[in-house]
Amino acid sequence: FYVDVFNIEDQTEWGPQIKSLHKNYNLQEFGYEEGDVFYCKKRSKTHAFLHYFSKTEIESLITDIGFKILKLVNVGYGQNAGEILTDSKNGHFFIIAEKP
């Protein structure tokens with residue numbers, strides 16, 4: 001199983017802003033989890049939902065559904081696209097997992 005997910009700590013993406021908005025507007029009171037976001041592209045009426053994950057959150061989710069994580073790295077997305085990064089505060093999480 002291969003997956004890449006948005007990193008809520010990514011300083012080059014929306015993650016830090018999403019965390020701040022979640023706290024400032026008490027969005028947990030409305031049932032939203034930290035990392036939840038709805039957005040709409042310019043000139044479009046279609047809305048989309050996505051979720052930015054913390055490393056702990058995505059690791060827990062993957063193992064809770066019965067997968068074993070073989071590799072988890074940060075990969076550049078908005079900046080340094082496709083490069084494996086050493087700074088955990090940048091890039092997406094790229095995960096390779098298997099079902100034992």
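Read on for an overview of the structure. None of the values given here were measured: they were computed from a predicted structure.

### Looking at the overall build of the chain
If you tally the helices and strands in the chain, you get two helices and six strands. Listed N to C, the secondary structure of the chain is β-α-β-β-α-β-β-β in terms of helices and strands. Residues classed as buried in the chain amount to 31% of the 100 residues present. Total accessible area on the chain stands at roughly 7000 Å², and carbon and sulfur atoms take up 52% of it. Taken as two groups, the 11 positive and 14 negative side-chain charges of the chain have centres that lie 6 Å from each other.

### Topic: the pairing of strand β3 (residues 47–51)
Where strand β2 (residues 36–40) meets β3, five bridges bridge the pair, whose relative direction is antiparallel. Opposite Phe38, over in β3, you have Phe49 as the bridge partner. Here β2 folds back onto β3 in antiparallel fashion, the turn holding six residues, of which Arg43 has a positive phi close to 60°.

### A few points about the side chain of Asn74
Among the secondary structure elements, Asn74 is positioned in strand β4 (residues 68–75). Only 3.4 Å separates the side chain of Asn74 from the backbone oxygen of Ser88, close enough to count as a polar contact.

### Quick word on helix α1 (residues 15–24)
Every α-helical turn comprises 3.6 residues, leaving residues that sit three or four positions apart pointing alike. Within α1 the residues assigned to the buried category are Gly15, Ile18 and His22. Along the axis of α1, the buried residues cluster in a sector spanning 60°; they form a single face. What points out from α1, more than 90 degrees from its buried face, is the exposed set Lys23 and Asn24. Asn26 lies just past α1 and shows a positive phi near 45°.

### Some remarks on the packing of aromatic side chains
Inspection of every chain in the model, using the stated rule, returns seven aromatic pairs. Between Phe6 and Tyr77 the ring centres are 5.9 Å apart and the planes differ by 80°, which places this aromatic pair in the edge-to-face class. In this pair, Phe6 sits in the loop between β1 (2–5) and α1 while Tyr77 sits in the loop between β4 and β5 (84–85), placing the two residues 71 residues apart along the sequence. Relative to Phe49, the ring of Phe38 has its centre 5.1 Å away and its plane inclined at 55°; by these criteria the two rings are tilted. Here Phe49 lies in strand β3 and Phe38 lies in strand β2, a separation of eleven residues in the sequence. Assessed through its relative accessible area of 47%, Phe49 is described here as partly exposed.

### Some remarks on the sheet that holds β1
Pairing is antiparallel across the open sheet formed by four strands, whose spatial order is β1-β6-β4-β5. This sheet does not close on itself; its edge strands, each paired only once, are β1 and β5. Note: β4 against β5, two bridges, orientation antiparallel. Residue pairing for β5: Asn74 is matched across the bridge by Leu85.

Conventions used here
- Residues numbered from 1 in each chain as written.
- Predicted model: local features only at pLDDT ≥ 70, side-chain atom pairs only at ≥ 80, totals over all residues.
- Heavy atoms only, no water.
- Helix = DSSP H or I, 4+ residues; strand = E, 2+ residues; numbered from the N terminus.
- Buried < 20%, exposed > 50% of the residue type's maximum accessible area, 1.4 Å probe, protein only.
- Areas by Shrake-Rupley, 256 points an atom, 1.4 Å probe, with all protein chains shown as cover.
- Lys, Arg positive; Asp, Glu negative; His and termini not counted.
- Charge placed at Lys NZ, Arg CZ, Asp CG, Glu CD.
- Pairing = 2+ DSSP bridges.
- Polar contact = N/O pair within 3.5 Å; in protein donor to acceptor, adjacent residues only side chain to side chain.
- Arc of directions from axis to C-beta.
- Phe/Tyr/Trp six-rings, centres within 6.5 Å; stacked < 30°, edge-to-face > 60°.

These results come straight from atomic positions and should not be treated as a statement about function.
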